[in-house]
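Residue-level listing of the chains:
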Amino acid sequence: MGSKKVILTVLGARPQFVKAAAVSRQLQAFGIPEIIVHTGQHFDQNMSDVFFSEMSIPEPAYNLNINSLNHGAMTGRMLEQVEEVILKEKPSAVMVYGDTNSTLAGALAAVKLHVRVIHVEAGLRSFNMAMPEEVNRILTDRISSLLFCPTDAAVANLKAEGFDGFKAQIVKCGDVMQDAAYFYLDKAKRESKILKELSLSNDFVLATIHRQENTDDPSNLKNIIDGLNRINRETRVVVPLHPRTRKILEQMGISPEFTVINPVGYFDMLMLISNCKLVMTDSGGLQKEAFFFGKHCITLREQTEWVELVEHGFNRLAGPNADTIYLAYSEMINKKSNFDIDLYGNGKASQNIAEQLKQWL
């Protein structure tokens, strides 16, 4: 295997499209051929297609259309079909991003065929094995040959787990989502109409809820909704809501008091983040994007992979508790902080990755 000097990139979820947009642009600049496989994990127009069109990501050579299955079935089917693509294309390496089922399936398919695995966003840990994402990232790291870490904490995690003794190369590169956010903001300002459509100024809270630990636990979900409803009585709360979460709320008979909108494209999300007063989320990526644009964040989980944001006071862990969520909001809504600190590479991560790959392939 690995007869071609080409990278096979496996993507499946919204944050991975954002990361790939930044890295793929640099791969092209460095003359590194890439074949993109879209597993189909996020499949509707606002969760998938819009990212490729908006961000000028090369169209996937393969779209596997695998979605709406339980974890085992989804991962198994992805593993089977990605393996077929690898056998056909014979890449020199397979690159995966983050911590989704698509990430693990792509890495497993590659390593079983003796193809090297590149993991972008390696070394992150929430230390909560009940999260499917934690399992995915730990397993993917262990079978990767080249580990691109966004932070010092991520490098330290790998070293603490004994990776210095493994046949794997660890590189601190910075965070590719910061590259994308900085690169696309001007285009977002020109093309997005979301603020006008929702009649938003700068006095609103942006919130998202999608983690399985929250959406699949009725008590957690009700607590989060209750907390956001209470905040909405003081400051308008806007929530782009995943169709699956909206369906669960309907089944529970819960009608949110805050503004619920459909999932939005990346440009609309950039405008919402950069113009809001505060971010509240259970998403890992949005915690960082809040920091990129100088916004405080409240994380609707008990732990975060992005510990440096908490350590510096930019982020507060609230968990899925209505009272704690409201108290965190009261503390953070008018907080002043100096965001002028380099935590994630200042927009050079993708270039660092491409330079390293040029030597490594």
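Two elements in contact, helix α3 (residues 71-89) and helix α4 (residues 101-112), have axes separated by 8 Å at closest approach and are oriented at 45°. In this view, α3 runs oblique relative to α4, as classed from their interaxial angle. Here α3 and α4 pass one another in a crossing that is right-handed. The segment α3 lies against α4, with H71, M74, T75, M78, L79, V82, E83 and I86 engaging N101, S102, L104, A105, G106, L108, A109 and A110.

Hydrogen bonds along the backbone pair up the strands of a sheet, which may run parallel or antiparallel. With parallel pairing, the seven strands of this open sheet are ordered in space as β3-β2-β1-β4-β5-β6-β7. Only two strands of the sheet have a single partner each, and these edge strands are β3 (62-63) and β7 (169-172). Looking at chain direction, strand β5 (residues 116-120) and strand β6 (residues 146-149) are connected through three bridges and run parallel. Across the sheet, the residue bridging to H119 is L147, located in β6.

A few words now on the nonpolar core. In terms of nonpolar packing, the biggest core is built from 74 residues, with M95, I118, F148, Y266, L272 and L357 touching the most fellow members. Contacts of I118, omitting those with residues within four sequence positions, involve I7, A93, V94, M95, V96, L146, F148, L357 and W360. Residues A207, L228, F258 and A328 belong to the second largest nonpolar core, which totals 26 residues.

Right, let's talk about the pattern of salt bridges for a bit. Considering all chains together, one arrives at 18 salt bridges under this definition. For R137, the salt bridge is made with E305, and the minimal N-O distance between the two is 3.6 Å. Linking R137 in helix α5 (residues 132-142) with E305 in the loop between β12 (297-299) and α14 (307-311), this pair joins segments that are 168 residues apart in sequence. Classification of R137 as buried rests on a relative accessible area of 2%.

Taking strand neighbours across the sheet as the criterion, the six strands line up as β10-β9-β8-β11-β12-β13 in an open arrangement whose pairing is parallel. Only two strands of the sheet have a single neighbouring strand rather than two, namely β10 (259-261) and β13 (315-317). Strand-to-strand twist across the sheet, computed as the mean angle between neighbouring axes with direction ignored, equals 20°. Looking at chain direction, β12 and β13 are connected through three bridges and run parallel. Residue pairing across strands places C297 opposite N315, the latter belonging to β13. Along the sheet, helix α10 (residues 218-232) contacts β8 (204-208), β9 (236-240) and β11 (278-281); its crossing angle with β9, the most-contacted strand, is approximately 140°.

Turning to the environment of N262, a few remarks are in order. Inspection of the secondary structure assignment puts N262 in the loop between β10 and α12 (266-275). On a C-alpha basis, the gap between N262 and S350 in space is 30 Å, while along the polypeptide they are 88 residues apart.

What follows deals with α10. Here α10 spans 21 Å end to end across 15 residues, near enough to the 21 Å set by a 1.5 Å rise per residue. If you check which residues of α10 are buried, you get N220, L221, I224, I225, G227, L228, N229, I231 and N232. Considering only its buried residues, α10 is in contact with β8, α9 (212-215), β9, α11 (243-252), β11 and α15 (322-332). Where α10 begins, one side-chain oxygen reaches toward the backbone nitrogen of S219, 3.0 Å away; that side chain belongs to D217.

Secondary-structure assignment places Q41 in the loop between β2 (34-38) and α2 (49-55). In terms of polar contacts, Q41 uses its side chain to reach the side chain of S102, at 2.7 Å. When neighbours within four sequence positions are excluded, Q41 is seen to be in contact with G12, I66, N67, M74, M78, T100, N101 and S102.

Definitions and limits used
- Residues numbered from 1 in each chain as written.
- Predicted model: local features only at pLDDT ≥ 70, side-chain atom pairs only at ≥ 80, totals over all residues.
- Heavy atoms only, no water.
- Axes fitted to C-alpha atoms, helices over the stretch in contact; angles between N-to-C directions.
- Helix = DSSP H or I, 4+ residues; strand = E, 2+ residues; numbered from the N terminus.
- Parallel < 35°, antiparallel > 145°, perpendicular 65-115°, else oblique.
- Left-handed = near helix turned anticlockwise from the far one by under 90°.
- Contact = heavy atoms within 4.5 Å.
- Pairing = 2+ DSSP bridges.
- Core = buried A, V, L, I, M, F, W, Y, C linked by side-chain atoms within 4.5 Å.
- Buried < 20%, exposed > 50% of the residue type's maximum accessible area, 1.4 Å probe, protein only.
- Salt bridge = Lys/Arg side-chain N within 4 Å of Asp/Glu carboxyl O.
- Expected span 1.5 Å × (residues − 1).
- Polar contact = N/O pair within 3.5 Å; in protein donor to acceptor, adjacent residues only side chain to side chain.

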